[in-house]
Amino acid sequence: QAQLVESGGGLVQPGGSLRLSCVASGMLFNIYALGWHRQAPGKQRELVAVITRGDNTNYADSVKGRFTISRDNAKNTVYLRMNDLAPEDTATYYCNAYWGPNNFWGQGTQVTVSS
């Protein structure tokens, strides 16, 4: 059964950086498009970044220039490098893998940006 497990969240000061990781198992990882989403308390889940099987990327306007999504197919892992973090980036971050009718989600990792 397919599974996604995120890690790397935590508490960071404004202006700091974090790198989130999401390790996949039980799927043919390299054919999936991958995304990072986030959900802050009281808000809807929003798409942060996506990377296709061909390594094309797209970002939400709010994170362009600060966040970078990447994938390592040999390690079945997708990353989200987050720089210059701000309090409004505080949320639970989820990774997502989708291909055709298949759509899998991780359990989330908390990112808190606070001084």
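Thresholds applied
- Residues numbered from 1 in each chain as written.
- Predicted model: local features only at pLDDT ≥ 70, side-chain atom pairs only at ≥ 80, totals over all residues.
- Heavy atoms only, no water.
- Phe/Tyr/Trp six-rings, centres within 6.5 Å; stacked < 30°, edge-to-face > 60°.
- Helix = DSSP H or I, 4+ residues; strand = E, 2+ residues; numbered from the N terminus.
- Buried < 20%, exposed > 50% of the residue type's maximum accessible area, 1.4 Å probe, protein only.
- Lys NZ or Arg CZ within 6 Å of the ring centre and 35° of its normal.
- Salt bridge = Lys/Arg side-chain N within 4 Å of Asp/Glu carboxyl O.

Visitor: What should I look at first to understand the packing of aromatic side chains in this one?
Guide: Aromatic ring pairs are described here by two measures, namely the spacing of the ring centres and the angle between the planes. Scanning the entire structure with this criterion turns up two aromatic pairs. Arranged with centres 6.1 Å apart and planes meeting at 45°, the rings of Tyr32 and Phe104 form a pair that is tilted. Here the residue Tyr32 occupies a position in the loop between strand E3 (18–25) and strand E4 (33–39), and Phe104 occupies one in strand E10 (residues 102–105), the gap between them amounting to 72 residues. On the basis of relative accessible area, Tyr32 is assigned to the buried category, the value being 5%. Aromatic rings pair up to connect Tyr32, Trp99 and Phe104 into one cluster. Its guanidinium or amino end placed over the ring of Tyr94, Arg45 lies 3.7 Å from that ring's centre, counting from NZ or CZ. The ring of Trp105 has Arg45 sitting right over it, with the charged end atom 4.8 Å from the ring centre.

Visitor: Sorry if this is basic, but what is going on with the pattern of salt bridges here?
Guide: Pairing of side chains with opposite charge becomes possible as their charged atoms draw close. As enumerated under the stated definition, the model contains four salt bridges in all. The closest approach of N and O atoms between Glu46 and Arg38, which form a salt bridge, is 2.7 Å. Residues Asp61 and Lys64 are paired through a salt bridge, measuring 3.2 Å at the closest nitrogen-oxygen approach. You can call Asp61 exposed: its relative accessible area is 65%. Among the ionic contacts, a cluster of salt bridges with common partners joins Arg38, Glu46, Arg66 and Asp89.

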